[in-house]
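# Chain and residue survey
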Amino acid sequence: MKALRYIIALIVGHFTVFKHIFKRPVTLEYPEKRNELNEKFRGEHALTSDENGKLKCTACGTCQRVCPSFATIKIEKEKGEDGKFYPKNYSIDMNKCIFCGNCVQYCPFDAIIMTKNYELADEKKSSLTLDINTLKKNYSDTIINKTKDNRWR
Amino acid sequence: MDYLYSLYIEFLNKFNLPFHLGDFIAMVSFPLLPFCIVAAALIVIVIFLVLMERKVLAFFTQRKGPNRVGPWGLFQTISDAIKLLCKENITPTGAEKFMFNLAPLLAFVPVMVVWGLIPFSSEFDFMSYSVSALLFVTIASIPILGILLAGYASNNKYSLIGSVRAVAQAISYELPLIFVLLSVVVLSSSLNLKQIVLAQISAYPICGWFIFPAFLGFLIVFICSIAELNRCPFDLPEAESELVSGYNTEYSGMKFAFFFLAEYAMMFIMCAFIATLFLGGFLSPFGFYLSEKLISNEFWSNVFVYFEQVFWIFLKTFFLIYCMMLVRATLPRLKTHQLTGFAWKVLLPLSFLNLLIVCLIKGVA
Amino acid sequence: MTNQESTRMKINIGPQHPSTHGVLRLVLELDGEIIKSCEPIIGYLHRGMEKMAENRTYLQYLPTVDRIDYLGGFFNAYAFCDAVESLAQIEVSERTQYIRVLTMEMNRLSSHLLWLGTFMLDMGATSPLFYTFRDREEILSLFEELTGQRMMYNYYTFGGLRHDVTNVWLEKITDFIKKMPRKIQDYENIITDNPIFVTRTENIGIISKHAALQYSITGPNLRASGIEVDYRKQNPYLVYNELDFDIPSAENGDSFDRYTLRIAEMYECLKIISQCVAWLIENPGEVVSSVKQPLLKVPEGEFISNVEAPRGVCSCYVKSDGTGTPYRAKWRTGSYYAVQILPKLLENSFYPDLMAIFGSLDVILPEVDR
């Protein structure tokens, strides 16, 4: 009896939809509540420094060579007092970055990391090009707060 | 109704106005205050219904509905209405201006008229005629004309297709509705809606309700009213994924709001109609009224009974609306020839069967 | 003749539309309610994926490959990795292979869940969309824990993976697949025997065996027509020959069969995932590749690698000339051929059937346009 099977299926279907009102809603009320992210999350970049506050980056250019979008990372080298190279200017263009994490994965000195900050929208276009000071500051924020929090509350 | 009217005339005649002015004022102004209250009540109910639909659909899918505009999202509809008011009323070039502007009115005004026909309690029975039920069905068919005009008057082939489909659907689903109404009239021997409700009083509390002899008719009327309202699963005229938006594609601003509000008001009224016909209207399911038992003062308990009857009919109506929303959340859409096929080949013969069963039951009992 | 043609209406279902799954333009000729002809116009999402390979090194090209079919990122990444590994003769450890199978099957599950939700939304039922997205959300957060991103994973490398999976993560997967069969049963309760759904999809959009072979259809669309071809069984790659699973198939090739087939495939995915998790918990090993990726130079040659993606067979052809950048990369994806067969299926069918057919073919436009 096909008609009987269909009627039973309709009733069962309605009941299946109905029973969901007894389950807890899964809505996450952003921006008051946010998802918990773990250490591997690929957000905004930061340049690391060692205990003395000096950058670990030696401007070798590996991150430039593995980045899929070419003009993202721009480095200007300079020779320091102790004979080692360090970056005078290091800028990442967030307009072109695809957040693939290649620069972090293949840096030989662990000089660049990606923090958990993903709220990068801003009103000025200039804030989307991260220069060396912002990158240093991202790292110190990460150390102090343990996570880099959002820009606006 | 007559008792209150005579009280009012007595009160006015105390002032001893000349030329029987007291009687004249009473006749003109007596319907006015209830009318304003009732119209305001309809608008408030529609505002609440729009929010209720969104919240209920959200809870069926494990989400929360709108909850930012006011506590529990209560002011969401008001902000939507303000947004629609502030939009520009665009009339497309090549559209028939008179009919384009008339169509939303034709869709909304009959709804307000029909709102008064429903008996909310044994005293709050504002427009009581001997053929109320028939008048209800007649006036409730006028919004379909509004849809036809809307589709024709916008100079848009998609709207025309949508409105023609809507009219075909509405016509096909009217007939089973009328035959089931006929079966209810057989059971109650009267077309007056208040008499239909009073005919459902019986010795045991719920047994007199017409849903029991005419259960098939109840299901048929439920399905037909979903079809009349162009709601899912019968919402091909306004299907978003197929024809942008059907007959109200070209409407923007307040005119669109008219169609939208007319649909929700009609939903409330149709459910109140079904509750009146089958679920005992304003009768309490316990058999006695709670205010008669709880309030000791005789005068106030008599007055409160009327309000309690309003409470019961609202409860039943909202229960039916909840069921309509559950149906909307679950079922996919029907195709055109499936729609009309279903009405003519399945619902119409079933309504005849229902009439036969009801006549047999009435003959035996 | 002219009288006949003047009753026909030309409708453009434009690139912006609430329900074509991506930016596809269909120019339909309608005669009343019947579709007489249909012309799909593609190319609105062309990003030059194949040309991009010629200017980038292998490591630079790898993260962009995820984006060819964003719902099945792991499949495209595996196809490219497999091609390069075969050309450069790089060995892959067994633990890597099991993890690759595990992630690919979870990706297949999430892709089918999204397909189900949007197919139901096209039919008009709004609830299943939210249920499937709720389940898909769990899979995506599991992936985020593993790789760092919800969709563009960039997890495979040439010769291995970026890092290993932890047992904590594998426990979470075990919990997840315990609750999934109940949820898939819920979807079936709402949809499968529903008379409205059945009348709308039965005998609609039938792809005959001959037509399927002529138009090079692959994947679930082919299996629904009765031809049992699945790359995982025919030419087993990775560790599929050690796993125990069935290939569902159907008979008629209509939209309803395609639906039941994908539901059955979801159950099979759960079987494969549980077997992989059981193996991985018992056998630790090495996954990180020993190849110096930024300096990878692939010897001359060409290779085609095939993988059974959720929408068909995804093939990647890589030709290298001995340097660090590929000479040519060509992708063959399954949705392209589904769009090709669409005009044939739509001829002389009713207009509301358009969504029933197009939704059941599971077309995704980035794959078509690349």
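Keep in mind that this is a model prediction, so the values were computed, not measured. (Residues numbered from 1 in each chain as written. Chains lettered and ligands numbered in written order. Predicted model: local features only at pLDDT ≥ 70, side-chain atom pairs only at ≥ 80, totals over all residues. Heavy atoms only, no water.)

Turning our eyes to something else, we now look at the overall build of chain A. Within chain A one finds 4 helices and 5 strands. Counting from the amino terminus, helix and strand elements in chain A follow one another as α-β-α-β-β-α-β-β-α. Since a compact globule built from 153 residues should have a radius of gyration of about 15 Å, the 24 Å found for chain A marks it as more spread out than a globular shape. In chain A, buried positions account for 39% of the 153 residues. For chain A, the exposed surface amounts to about 9,600 Å²; the carbon and sulfur share of it is 56%. (Helix = DSSP H or I, 4+ residues; strand = E, 2+ residues; numbered from the N terminus. Rg over C-alpha atoms; globule rule 2.2 N^0.38 Å. Buried < 20%, exposed > 50% of the residue type's maximum accessible area, 1.4 Å probe, protein only. Areas by Shrake-Rupley, 256 points an atom, 1.4 Å probe, with all protein chains shown as cover.)

Once that is clear, we can look at the domain arrangement of chain B. The figure often quoted for interface size is the accessible area lost as the parts come together. Residue and element names in this part refer to chain B. Looking at the assigned domains, one finds that chain B contains domain 1 (1-86) and domain 2 (95-364). Computed over C-alpha atoms, the centres of domain 1 and domain 2 are 20 Å apart. Taken together, the contact between domain 1 and domain 2 spans 19 residues of the former and 24 residues of the latter. Surface buried jointly by domain 1 and domain 2 totals about 2,200 Å² across both partners, of which 84% is contributed by carbon and sulfur atoms. In this structure, the connection of domain 1 to domain 2 is made through 2 salt bridges. When the shortest N-O distance is used, the salt bridge between Glu-53 and Arg-231 registers 2.9 Å. The tally of links between domain 1 and domain 2 comes to 3 residue pairs in polar contact (both at pLDDT 80 or more). Secondary structure elements with two or more residues in the side of domain 1 that touches domain 2: α3 (32-60) and α4 (76-85). In terms of residues, the side of domain 1 that touches domain 2 owes the most to one element, α3, which gives 15 residues. Taken together, the residues that form the side of domain 1 that touches domain 2 break down as 18 nonpolar, no polar and 1 charged. (Domains from an automatic or database assignment. Contact = heavy atoms within 4.5 Å. Buried area = accessible area lost by both parts, 1.4 Å probe. Salt bridge = Lys/Arg side-chain N within 4 Å of Asp/Glu carboxyl O. Polar contact = N/O pair within 3.5 Å; in protein donor to acceptor, adjacent residues only side chain to side chain. Nonpolar A, V, L, I, M, F, W, Y, C, P; charged D, E, K, R; others polar.)

This part is about a nonpolar patch on the surface. Residue and element names in this part refer to chain B. Together, Phe-11, Phe-15, Leu-17, Leu-21, Phe-24, Ile-25, Met-27 and Val-28 make up an exposed nonpolar region whose accessible area comes to about 770 Å². Among the elements that take part in the nonpolar patch, helix α2 (residues 21-29) stands out by supplying 5 residues, more than any other. Within the fold, Phe-15 resides in the loop between α1 (2-13) and α2. You can call Phe-15 exposed: its relative accessible area is 52%. (Patch = residues over 30% accessible without salt bridge, like charges linked within 9 Å, V, L, I, M, F, W, Y side chains within 5 Å.)

Residue and element names in this part refer to chain C. Counted according to the given criterion, the structure contains 35 salt bridges over all chains. The salt bridge involving Arg-328 is made with Glu-50; its shortest N-O contact spans 3.3 Å. Of the two residues, Arg-328 is situated in strand β8 (residues 326-332) and Glu-50 in helix α2 (residues 49-52); the sequence distance between them amounts to 278 residues. Taking relative accessible area as the criterion, Glu-50 reaches 15% and is therefore assigned buried. Taken together, the shared-partner salt bridges connect Glu-105, Arg-108, Arg-223, Asp-230, Arg-232, Glu-265 and Glu-308 into one network.

Another aspect to go through is the environment of A:Tyr118. Residue and element names in this part refer to chain A. Here Tyr-118 is to be found in the loop between β4 (112-114) and β5 (129-130). Residues Tyr-118 and Gly-43 lie 75 residues apart in sequence; the distance between their C-alpha atoms is 5.1 Å. Excluding residues that lie within four positions of it along the chain, Tyr-118 makes contacts with Tyr-30, Arg-34, Leu-37 and Phe-41.

For the rest of this paragraph, the subject is the interface of chain A and chain C. If you look at the interface, chain A gives 30 residues, while chain C gives 32 residues. Both faces combined, the contact of chain A with chain C buries some 2,700 Å², and carbon together with sulfur accounts for 52% of it. Considering only the side of chain A, the residues that lose the most area to chain C are A:Lys40, A:Arg42 and A:Tyr106, jointly responsible for 21% of the buried surface there. Here chain A and chain C share 2 salt bridges between them. Of the charged contacts, one joins C:Asp186 and A:Lys19 as a salt bridge, the two residues approaching to 3.2 Å between their closest N and O atoms. Mapped by element, the contributors of at least two residues to the side of chain A that touches chain C are α1 (2-18), α2 (62-66) and α3 (102-105) of chain A. Ranked by residues supplied to the side of chain A that touches chain C, first place goes to α1(A) with 8 residues.

For the coordinates displayed, the defined rule picks out 44 aromatic pairs over all chains. Between A:Phe41 and A:Tyr118 the ring centres are 5.9 Å apart and the planes differ by 70°, which places this aromatic pair in the edge-to-face class. Of this pair, A:Phe41 sits in the loop between α1 and β1 (45-47) while A:Tyr118 sits in the loop between β4 and β5; the two residues are 77 residues apart in sequence, bridging distant segments of the chain. When its relative accessible area of 10% is taken as the criterion, A:Phe41 is described as buried. For A:Tyr118, a relative accessible area of 35% corresponds to the partly exposed category. Each ring, one from C:Tyr155 and one from C:Tyr156, has its centre 6.2 Å from the other, and the planes form 45°; the classification is tilted. (Phe/Tyr/Trp six-rings, centres within 6.5 Å; stacked < 30°, edge-to-face > 60°.)

Residue and element names in this part refer to chain B. Applying the stated rule across the entire model yields 7 cavities of 30 Å³ or more. Its volume calculated, the largest cavity comes out at about 300 Å³. What lines the largest cavity is a set of 20 residues, among which Pro-143, Ile-147, Glu-228, Leu-229 and Met-266 lie closest to the centre. Breaking the lining of the largest cavity down by element, the ones donating at least two residues are α5 (97-115), α6 (132-139), α7 (142-153), α8 (157-188) and α12 (254-278). When residues in the lining of the largest cavity are grouped by element, the largest group, 6 residues, is from α12. (1 Å grid on protein atoms, 1.4 Å probe; cavity = no way out; pocket = protein on both sides within 12 Å on 5 of 7 lines; lining within 4 Å. Points joined across faces, edges and corners; volume = space filled by probe spheres on them.)

Bringing the environment of A:Lys137 into the picture now. Residues and elements named next belong to chain A. With respect to the helices and strands, the residue Lys-137 is situated in helix α4 (residues 132-145). Residue Lys-137 is classed as partly exposed on the basis of its relative accessible area of 48%. Considered as a pair, Lys-137 and Ala-46 are 91 residues apart in the sequence and their alpha carbons are 7.6 Å apart.

Residues and elements named next belong to chain A. Mean pLDDT over chain A works out to 80, with 92% of the residues at or above the 70 mark. The secondary-structure element of chain A with the lowest mean pLDDT is α4, recorded at 70, while α1 shows the highest, at 88. In this model, residues 147-153 is a region of pLDDT below 50 whose contacts with residues beyond four sequence positions or in other chains number 18 contacts. (pLDDT = per-residue confidence, 0-100.)

Let's shift gears to the side chain of C:Asn107. With respect to the helices, strands and loops of the structure, C:Asn107 is situated in helix α5 (residues 94-123). If we ignore the near neighbours within four places in the chain, the residues touching C:Asn107 are C:Leu71, C:Gly72, C:Gly73, C:Phe74, C:Phe75, C:Phe143 and C:Tyr153.

The next thing to look at is the interface of chain B and chain A. On the side of chain A, 16 residues touch chain B, which itself brings 13 residues to the contact. Between chain B and chain A the total buried area reaches about 1,300 Å² when both faces are included, carbon and sulfur atoms providing 60% of it. The three residues of chain B that bury the most area against chain A are B:Gln62, B:Lys64 and B:Arg68, which together make up 44% of that side's buried surface. At the surface where chain B touches chain A, the tally comes to 6 residue pairs in polar contact (both at pLDDT 80 or more). Within the residue set of the side of chain B that touches chain A, elements represented by two or more residues are α3 and α14 (298-330) of chain B.

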